[in-house]
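Okay, here's what each chain looks like letter by letter:
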Amino acid sequence: MGNKANLIFLWAMLVSVVVMATRHRPFQRTKGINGLEKIIVRDPRGRSFEVYLYGGQVTSWKNEKGEDLLFMSTKAIFEPPTPIRGGIPVLFPQYANTGPLPSHGFVRQRFWKIDANPPPLSSHPSSTAHIDLILKSSEADLKIWPHKFVYRLRVALGHGGDLTLTSRIRNSDVKLFNFTFGLHPYFSVSDISQIQVEGLQNLDYLDQLKNRTRFTDHGKFITFNSQLARLYLRTPNKIRIMDHKKKKTIVVRKEGQADAVVWNSWDKKVVDLGVEDYRRFVAVEPVEVEKPIILKPGQEWKAIFQVSVVPSGCSRKSCIPHT
(Lines give C-alpha, C1' and ligand atoms only; values in the text may rest on other atoms or scores of the structure.)
Protein backbone atom coordinates (compact mmCIF):
# COMPACT_ATOMS: atom_id res chain seq x y z
CA MET A 1 0.00 0.00 0.00
CA GLY A 2 2.88 2.34 0.80
CA ASN A 3 4.40 2.04 -2.68
CA LYS A 4 0.98 2.48 -4.32
CA ALA A 5 0.30 5.60 -2.24
CA ASN A 6 3.69 7.00 -3.17
CA LEU A 7 3.02 6.37 -6.86
CA ILE A 8 -0.36 8.08 -6.63
CA PHE A 9 1.25 11.04 -4.85
CA LEU A 10 4.01 11.32 -7.46
CA TRP A 11 1.47 11.08 -10.28
CA ALA A 12 -0.64 13.84 -8.71
CA MET A 13 2.44 16.05 -8.38
CA LEU A 14 3.38 15.43 -12.02
CA VAL A 15 -0.12 16.32 -13.21
CA SER A 16 -0.04 19.46 -11.07
CA VAL A 17 3.29 20.53 -12.56
CA VAL A 18 2.03 19.93 -16.09
CA VAL A 19 -1.17 21.90 -15.42
CA MET A 20 0.78 24.80 -13.92
CA ALA A 21 3.23 24.79 -16.81
CA THR A 22 0.35 24.86 -19.27
CA ARG A 23 -1.50 27.55 -17.37
CA HIS A 24 1.54 29.80 -17.06
CA ARG A 25 3.34 29.16 -20.33
CA PRO A 26 6.06 31.80 -20.81
CA PHE A 27 4.47 32.99 -24.05
CA GLN A 28 1.86 32.21 -26.66
CA ARG A 29 2.56 32.57 -30.37
CA THR A 30 -0.59 33.35 -32.34
CA LYS A 31 -2.05 35.30 -35.25
CA GLY A 32 -2.95 38.94 -34.80
CA ILE A 33 -4.64 41.46 -37.07
CA ASN A 34 -4.48 40.56 -40.78
CA GLY A 35 -2.74 37.31 -39.89
CA LEU A 36 0.44 38.99 -38.64
CA GLU A 37 2.20 36.90 -36.00
CA LYS A 38 2.23 38.18 -32.45
CA ILE A 39 3.47 36.97 -29.08
CA ILE A 40 1.33 37.17 -25.94
CA VAL A 41 3.21 37.05 -22.63
CA ARG A 42 1.35 36.70 -19.32
CA ASP A 43 2.49 36.51 -15.73
CA PRO A 44 0.82 34.43 -12.97
CA ARG A 45 -1.25 37.46 -11.84
CA GLY A 46 -2.88 37.92 -15.23
CA ARG A 47 -0.85 40.93 -16.35
CA SER A 48 0.31 40.75 -19.94
CA PHE A 49 1.86 42.34 -22.98
CA GLU A 50 1.62 41.63 -26.70
CA VAL A 51 4.36 42.15 -29.29
CA TYR A 52 4.09 41.80 -33.05
CA LEU A 53 7.00 40.21 -34.88
CA TYR A 54 6.39 42.82 -37.57
CA GLY A 55 8.36 45.75 -36.21
CA GLY A 56 9.26 43.98 -32.95
CA GLN A 57 6.49 46.25 -31.71
CA VAL A 58 4.72 46.05 -28.36
CA THR A 59 1.05 46.82 -29.03
CA SER A 60 -0.51 46.06 -25.63
CA TRP A 61 0.44 46.17 -21.94
CA LYS A 62 -2.35 45.25 -19.55
CA ASN A 63 -2.63 45.26 -15.78
CA GLU A 64 -4.37 42.56 -13.73
CA LYS A 65 -7.71 44.34 -14.31
CA GLY A 66 -7.32 43.95 -18.06
CA GLU A 67 -6.84 47.68 -18.61
CA ASP A 68 -4.51 48.50 -21.48
CA LEU A 69 -1.88 51.03 -20.47
CA LEU A 70 -0.77 51.66 -24.05
CA PHE A 71 -2.70 53.43 -26.78
CA MET A 72 -3.39 52.04 -30.24
CA SER A 73 -4.82 54.22 -33.00
CA THR A 74 -8.38 53.40 -34.00
CA LYS A 75 -7.10 53.55 -37.58
CA ALA A 76 -3.83 51.64 -37.12
CA ILE A 77 -2.83 49.89 -40.34
CA PHE A 78 -1.53 46.35 -39.88
CA GLU A 79 -0.35 45.94 -43.45
CA PRO A 80 3.40 45.89 -44.20
CA PRO A 81 5.28 47.96 -45.16
CA THR A 82 3.14 50.57 -43.33
CA PRO A 83 4.36 51.14 -39.74
CA ILE A 84 1.91 50.33 -36.93
CA ARG A 85 0.49 53.45 -35.24
CA GLY A 86 0.49 53.02 -31.46
CA GLY A 87 2.09 50.83 -28.81
CA ILE A 88 5.88 51.14 -28.71
CA PRO A 89 7.55 51.45 -32.14
CA VAL A 90 11.32 50.88 -32.34
CA LEU A 91 13.19 53.68 -34.16
CA PHE A 92 16.58 52.64 -35.55
CA PRO A 93 19.06 53.44 -37.07
CA GLN A 94 17.69 56.96 -37.39
CA TYR A 95 15.33 59.02 -35.26
CA ALA A 96 12.80 61.04 -37.31
CA ASN A 97 14.31 62.82 -40.32
CA THR A 98 17.64 63.65 -38.67
CA GLY A 99 19.60 61.84 -41.41
CA PRO A 100 19.42 60.50 -44.97
CA LEU A 101 17.25 57.45 -44.20
CA PRO A 102 13.45 57.24 -44.26
CA SER A 103 11.93 58.90 -41.18
CA HIS A 104 12.45 56.81 -38.03
CA GLY A 105 14.68 54.29 -39.81
CA PHE A 106 13.50 50.91 -41.03
CA VAL A 107 13.45 48.26 -38.26
CA ARG A 108 9.83 49.11 -37.37
CA GLN A 109 9.01 47.77 -40.86
CA ARG A 110 10.96 44.52 -40.61
CA PHE A 111 9.95 41.07 -39.45
CA TRP A 112 11.79 40.10 -36.27
CA LYS A 113 12.38 36.58 -34.96
CA ILE A 114 12.18 35.01 -31.52
CA ASP A 115 15.68 34.71 -30.06
CA ALA A 116 15.67 31.21 -28.60
CA ASN A 117 19.20 31.40 -27.18
CA PRO A 118 20.02 35.01 -26.29
CA PRO A 119 23.38 35.72 -24.64
CA PRO A 120 23.27 36.53 -20.91
CA LEU A 121 21.83 39.92 -20.06
CA SER A 122 23.68 41.43 -17.11
CA SER A 123 22.11 43.91 -14.69
CA HIS A 124 18.64 43.34 -16.13
CA PRO A 125 15.71 44.12 -13.79
CA SER A 126 14.16 40.94 -12.40
CA SER A 127 11.10 39.78 -14.32
CA THR A 128 8.24 37.32 -14.00
CA ALA A 129 7.84 36.80 -17.75
CA HIS A 130 9.71 37.94 -20.85
CA ILE A 131 10.41 37.32 -24.53
CA ASP A 132 13.61 37.87 -26.51
CA LEU A 133 13.52 39.03 -30.13
CA ILE A 134 16.29 39.44 -32.67
CA LEU A 135 16.76 41.27 -35.96
CA LYS A 136 19.81 41.04 -38.23
CA SER A 137 20.55 43.34 -41.13
CA SER A 138 19.43 41.88 -44.45
CA GLU A 139 20.83 42.36 -47.95
CA ALA A 140 17.97 44.78 -48.63
CA ASP A 141 18.88 46.76 -45.50
CA LEU A 142 22.52 46.98 -46.54
CA LYS A 143 21.51 48.65 -49.78
CA ILE A 144 19.96 51.60 -47.93
CA TRP A 145 22.23 51.57 -44.84
CA PRO A 146 25.54 49.75 -45.54
CA HIS A 147 26.29 48.56 -42.00
CA LYS A 148 25.83 45.07 -40.58
CA PHE A 149 24.16 44.92 -37.17
CA VAL A 150 22.42 42.58 -34.76
CA TYR A 151 19.58 44.07 -32.69
CA ARG A 152 18.39 42.08 -29.66
CA LEU A 153 15.28 43.22 -27.82
CA ARG A 154 14.00 41.82 -24.53
CA VAL A 155 10.48 42.75 -23.43
CA ALA A 156 9.74 41.85 -19.80
CA LEU A 157 7.14 42.14 -17.06
CA GLY A 158 8.50 42.96 -13.61
CA HIS A 159 7.21 41.66 -10.29
CA GLY A 160 5.24 44.89 -9.78
CA GLY A 161 3.75 44.73 -13.27
CA ASP A 162 6.20 47.24 -14.74
CA LEU A 163 7.21 46.88 -18.40
CA THR A 164 10.87 46.89 -19.44
CA LEU A 165 12.36 46.99 -22.93
CA THR A 166 16.08 46.31 -23.15
CA SER A 167 17.75 47.05 -26.48
CA ARG A 168 21.16 45.62 -27.40
CA ILE A 169 22.67 46.68 -30.72
CA ARG A 170 25.91 45.06 -31.88
CA ASN A 171 28.15 46.19 -34.72
CA SER A 172 28.74 42.97 -36.69
CA ASP A 173 30.54 44.83 -39.48
CA VAL A 174 34.25 45.38 -40.13
CA LYS A 175 33.97 49.16 -39.87
CA LEU A 176 32.48 51.50 -37.30
CA PHE A 177 29.10 53.14 -37.76
CA ASN A 178 26.96 55.70 -35.97
CA PHE A 179 23.22 55.93 -35.46
CA THR A 180 20.45 57.73 -33.62
CA PHE A 181 17.81 55.81 -31.72
CA GLY A 182 14.46 56.01 -30.02
CA LEU A 183 11.46 54.18 -28.66
CA HIS A 184 8.11 55.83 -29.33
CA PRO A 185 5.67 54.76 -26.57
CA TYR A 186 2.08 55.89 -26.90
CA PHE A 187 0.72 55.96 -23.33
CA SER A 188 -3.02 55.67 -22.80
CA VAL A 189 -4.44 58.63 -20.85
CA SER A 190 -7.89 59.82 -19.82
CA ASP A 191 -7.75 63.18 -21.63
CA ILE A 192 -4.66 64.95 -22.98
CA SER A 193 -5.95 68.27 -21.63
CA GLN A 194 -5.69 66.82 -18.09
CA ILE A 195 -2.08 65.62 -18.45
CA GLN A 196 1.09 67.08 -16.97
CA VAL A 197 4.63 65.90 -17.75
CA GLU A 198 7.13 66.54 -14.95
CA GLY A 199 10.90 66.31 -14.71
CA LEU A 200 12.00 68.36 -17.72
CA GLN A 201 11.90 71.87 -16.26
CA ASN A 202 14.81 74.25 -16.93
CA LEU A 203 16.09 72.06 -19.75
CA ASP A 204 16.89 73.04 -23.32
CA TYR A 205 14.74 71.58 -26.06
CA LEU A 206 14.50 71.72 -29.84
CA ASP A 207 11.03 72.68 -31.03
CA GLN A 208 10.32 70.31 -33.90
CA LEU A 209 7.40 72.49 -35.02
CA LYS A 210 9.78 75.45 -35.46
CA ASN A 211 12.62 73.93 -37.50
CA ARG A 212 14.23 72.57 -34.32
CA THR A 213 14.83 76.04 -32.91
CA ARG A 214 16.41 75.78 -29.46
CA PHE A 215 14.54 77.03 -26.38
CA THR A 216 14.74 76.60 -22.61
CA ASP A 217 11.70 75.28 -20.74
CA HIS A 218 11.14 77.38 -17.61
CA GLY A 219 7.77 75.89 -16.71
CA LYS A 220 7.24 73.60 -13.72
CA PHE A 221 5.61 71.03 -15.96
CA ILE A 222 4.37 70.51 -19.51
CA THR A 223 0.66 70.79 -20.34
CA PHE A 224 -1.18 70.38 -23.63
CA ASN A 225 -3.60 72.73 -25.38
CA SER A 226 -2.26 72.45 -28.95
CA GLN A 227 0.11 70.32 -30.99
CA LEU A 228 3.43 69.84 -29.21
CA ALA A 229 6.66 68.17 -30.42
CA ARG A 230 9.77 68.88 -28.39
CA LEU A 231 13.14 67.15 -28.25
CA TYR A 232 14.54 67.71 -24.74
CA LEU A 233 18.31 67.44 -24.41
CA ARG A 234 20.40 65.74 -21.69
CA THR A 235 17.37 64.77 -19.65
CA PRO A 236 17.14 63.02 -16.26
CA ASN A 237 16.61 59.26 -16.20
CA LYS A 238 13.14 59.59 -14.65
CA ILE A 239 10.15 61.47 -16.09
CA ARG A 240 6.61 61.48 -14.68
CA ILE A 241 3.31 61.71 -16.55
CA MET A 242 0.50 62.87 -14.26
CA ASP A 243 -3.02 61.82 -15.25
CA HIS A 244 -5.22 63.84 -12.90
CA LYS A 245 -8.52 62.41 -14.06
CA LYS A 246 -7.40 58.81 -13.41
CA LYS A 247 -5.37 59.86 -10.35
CA LYS A 248 -2.37 57.90 -11.56
CA THR A 249 1.22 58.65 -12.48
CA ILE A 250 3.11 56.93 -15.27
CA VAL A 251 6.78 56.76 -14.28
CA VAL A 252 9.23 56.53 -17.18
CA ARG A 253 12.80 55.41 -16.46
CA LYS A 254 15.58 55.17 -18.99
CA GLU A 255 19.25 54.24 -19.19
CA GLY A 256 21.49 54.83 -22.17
CA GLN A 257 19.16 57.35 -23.81
CA ALA A 258 20.19 60.88 -22.92
CA ASP A 259 17.37 62.77 -24.62
CA ALA A 260 13.56 62.64 -24.53
CA VAL A 261 10.77 63.63 -26.89
CA VAL A 262 7.35 64.82 -25.73
CA TRP A 263 4.68 64.73 -28.43
CA ASN A 264 0.97 64.95 -29.07
CA SER A 265 -0.50 65.62 -32.50
CA TRP A 266 -3.56 67.48 -31.13
CA ASP A 267 -5.98 68.07 -34.00
CA LYS A 268 -3.39 67.86 -36.79
CA LYS A 269 -4.67 65.45 -39.41
CA VAL A 270 -2.71 62.18 -39.40
CA VAL A 271 -3.75 59.55 -41.96
CA ASP A 272 -3.71 56.55 -39.61
CA LEU A 273 -4.96 58.36 -36.50
CA GLY A 274 -8.66 58.79 -35.66
CA VAL A 275 -10.00 62.35 -35.48
CA GLU A 276 -10.42 62.23 -31.67
CA ASP A 277 -7.57 59.80 -30.95
CA TYR A 278 -5.19 62.57 -29.90
CA ARG A 279 -7.21 63.05 -26.72
CA ARG A 280 -6.35 59.56 -25.46
CA PHE A 281 -2.56 59.42 -25.69
CA VAL A 282 0.67 61.14 -24.84
CA ALA A 283 4.09 60.17 -26.18
CA VAL A 284 7.12 60.54 -23.90
CA GLU A 285 9.97 58.95 -25.80
CA PRO A 286 13.45 57.86 -24.61
CA VAL A 287 15.82 58.80 -27.45
CA GLU A 288 19.48 59.36 -28.27
CA VAL A 289 19.56 62.06 -30.92
CA GLU A 290 21.76 65.06 -30.11
CA LYS A 291 24.95 62.99 -30.00
CA PRO A 292 24.77 59.95 -32.32
CA ILE A 293 26.06 56.68 -30.89
CA ILE A 294 29.31 55.43 -32.39
CA LEU A 295 29.93 51.68 -32.44
CA LYS A 296 33.24 50.05 -33.32
CA PRO A 297 33.31 46.58 -34.94
CA GLY A 298 32.21 43.96 -32.41
CA GLN A 299 31.06 46.58 -29.92
CA GLU A 300 27.58 46.46 -28.34
CA TRP A 301 25.40 49.31 -27.10
CA LYS A 302 22.63 48.80 -24.55
CA ALA A 303 19.64 50.90 -23.53
CA ILE A 304 16.92 50.20 -20.95
CA PHE A 305 13.42 51.66 -20.93
CA GLN A 306 11.16 50.87 -17.98
CA VAL A 307 7.66 52.13 -17.26
CA SER A 308 5.41 51.65 -14.22
CA VAL A 309 2.16 53.12 -12.93
CA VAL A 310 1.64 54.39 -9.37
CA PRO A 311 -1.18 56.31 -7.64
CA SER A 312 -0.71 60.06 -7.94
CA GLY A 313 0.36 61.99 -4.89
CA CYS A 314 2.37 59.33 -3.07
CA SER A 315 6.10 59.32 -2.56
CA ARG A 316 8.13 56.90 -4.63
CA LYS A 317 9.38 54.98 -1.58
CA SER A 318 5.87 54.27 -0.33
CA CYS A 319 4.37 53.52 -3.73
CA ILE A 320 3.89 50.06 -5.14
CA PRO A 321 3.41 50.09 -8.91
CA HIS A 322 -0.25 49.50 -9.80
CA THR A 323 0.03 48.32 -13.37
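No experiment lies behind these values; they were computed from the predicted model shown. (Residues numbered from 1 in each chain as written. Predicted model: local features only at pLDDT ≥ 70, side-chain atom pairs only at ≥ 80, totals over all residues. Heavy atoms only, no water.)

Another point: the pairing of strand β14 (residues 213–216). Judged from the four bridges that link them, strand β13 (residues 204–207) and β14 form a sheet pairing that is antiparallel. Pairing of Tyr205 across the sheet is with Phe215, part of β14. (Pairing = 2+ DSSP bridges. Helix = DSSP H or I, 4+ residues; strand = E, 2+ residues; numbered from the N terminus.)

Attention now moves to the side chain of Asp259. Structurally, the position occupied by Asp259 is in strand β18 (residues 259–264). Relative accessible area serves as the criterion here: at 0%, Asp259 is assigned to the buried category. Separated by 2.9 Å, the side chain of Asp259 and the backbone nitrogen of Val289 make a polar contact. Polar contacts involving the side chain of Asp259 include one to the main-chain amide nitrogen of Glu290, which spans 3.0 Å. (Buried < 20%, exposed > 50% of the residue type's maximum accessible area, 1.4 Å probe, protein only. Polar contact = N/O pair within 3.5 Å; in protein donor to acceptor, adjacent residues only side chain to side chain.)

Next up on the list: the side chain of Ser60. Along the chain, Ser60 turns up in strand β4 (residues 57–62). There is a polar contact of 2.7 Å between the side chain of Ser60 and the side chain of Asp68. Once you skip the residues sitting within four places of it in the chain, Ser60 turns out to touch Ser48, Phe49, Glu50, Asp68 and Leu70. (Contact = heavy atoms within 4.5 Å.)

Feature annotation in UniProt places "active site" (unreviewed entry) on His184 and Glu285, given in this structure's numbering. Spanning 102 residues, the annotated positions come together in the fold, the maximum distance between their C-alpha atoms being 5.1 Å. By the element assignment, His184 lies in the loop between β10 (177–183) and β11 (186–188). Position of Glu285 relative to the elements: it lies in strand β19 (residues 281–295). Residues within four places of Glu285 in sequence aside, it is in contact with Tyr95, Leu183, His184, Pro185, Asp259, Ala260, Val261 and Trp263. Polar contacts involving the side chain of Glu285 include one to the side chain of Tyr95, which spans 3.3 Å. (UniProt positions renumbered as here; feature names shortened; annotations may be inferred.)

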